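In case you want the letters, here they are:
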Amino acid sequence: MATFHFELVSPDRVLFNGAAQSVLVPGNEGEFLVLSEHAPVMTSMRPGVIGIDDAEGKHRRVFVRGGFADASEKGLILLAETAIPFEDLSADKLGEEIKNAEEDLADANEDQKQDAQEKLDRLRELKDAIKL
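Residues numbered from 1 in each chain as written. Predicted model: local features only at pLDDT ≥ 70, side-chain atom pairs only at ≥ 80, totals over all residues. Heavy atoms only, no water.

## Points about the pattern of salt bridges
Threshold: Here, a salt bridge means any Lys or Arg side-chain nitrogen found within 4 Å of an Asp or Glu carboxyl oxygen. Put simply, DSSP marks the helices as runs of H or I at least four residues long and the strands as runs of E at least two long, and each gets a number from the N terminus on. Here the term buried applies to any residue with accessible area under 20% of the maximum for its type, exposed to any over 50%, and partly exposed to those in between, with areas from a 1.4 Å probe on protein chains only.
Considering all chains together, one arrives at 8 salt bridges under this definition. For Arg65, the salt bridge is made with Glu97, and the minimal N-O distance between the two is 3.5 Å. Remark: Glu97 occurs in helix α1 (residues 91-107) and Arg65 occurs in strand β6 (residues 59-72); sequence separation between them is 32 residues. Accessibility assignment for this pair places Arg65 and Glu97 in one class, buried. Of the charged contacts, one joins Asp104 and Arg65 as a salt bridge, the two residues approaching to 2.6 Å between their closest N and O atoms. Here Asp104 is found in helix α1, whereas its partner Arg65 is found in strand β6, with 39 residues between them in sequence. Asp104 gets classed as partly exposed once you look at its relative accessible area, which sits at 39%.

## Quick notes on the side chain of Thr43
Counting through the fold element by element, Thr43 comes out in strand β4 (residues 41-45). Given a relative accessible area of 19%, Thr43 falls into the buried group.

## Quick look at the nonpolar core
Defined as follows: Grouping buried Ala, Val, Leu, Ile, Met, Phe, Trp, Tyr and Cys residues that are joined through side-chain atoms within 4.5 Å yields what is termed a nonpolar core. Whether two residues are in contact is decided by their heavy atoms: any pair within 4.5 Å suffices.
With 21 residues, the main nonpolar core has Phe6, Leu8, Val23, Val25, Leu76 and Leu78 as its most contacted residues. Elements supplying a minimum of two residues to this core: β1 (4-9), β2 (14-27), β3 (30-35), β5 (48-54), β6 and β7 (75-85). Per-element accounting of this core gives the leading share, 5 residues, to β2. Setting aside its immediate chain neighbours within four residues, Val25 contacts Gly30, Glu31, Phe32, Val34, Met45, Ala69, Leu76 and Leu78. If you look at the next biggest cluster of nonpolar residues, it comprises 14 residues, including Phe63, Leu89, Ala101 and Leu126.

## Brief notes about the pairing of β5
Defined as follows: What makes two strands pair is DSSP finding at least two bridges between them.
Counting buried residues along β5, 6 of its 7 residues qualify, which places the element largely inside the surrounding structure. Pairing analysis gives 6 bridges linking β5 to β6, with the strands arranged antiparallel. From the neighbouring strand, Ile50 faces β6, where its bridge partner is Val62. What sits between the antiparallel neighbours β5 and β6 is a turn of 4 residues, in which Gly57 has the positive phi angle 90 degrees.

Quick look at the structure:
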């Protein structure tokens, strides 16, 4: 299968930098799959799970709280607000993310409340879905 350059960056580290066969991205308008020669797109990400199939076909999953995705002829770059590999995800870490989202909702002005509530709801759904 054809590969493309993929980079996943969080504020504190680079989680992936190399060739990938495919990447499933939790976009704000819905999930989308990036393959080699994907049409250019730039969008924001919602809280969710990124699915990565690397060049060797190994599947990895990474939880992201949000951020931005940029697909171009050069590849795919994801700039994540928070990124936690699934093997490092725990009930405590997810609980902390939910607490942060609750604080964001409490601090949100009227224009921001709907987005903050949606982030909180998605985090709670994720926690239920992965049984943490």
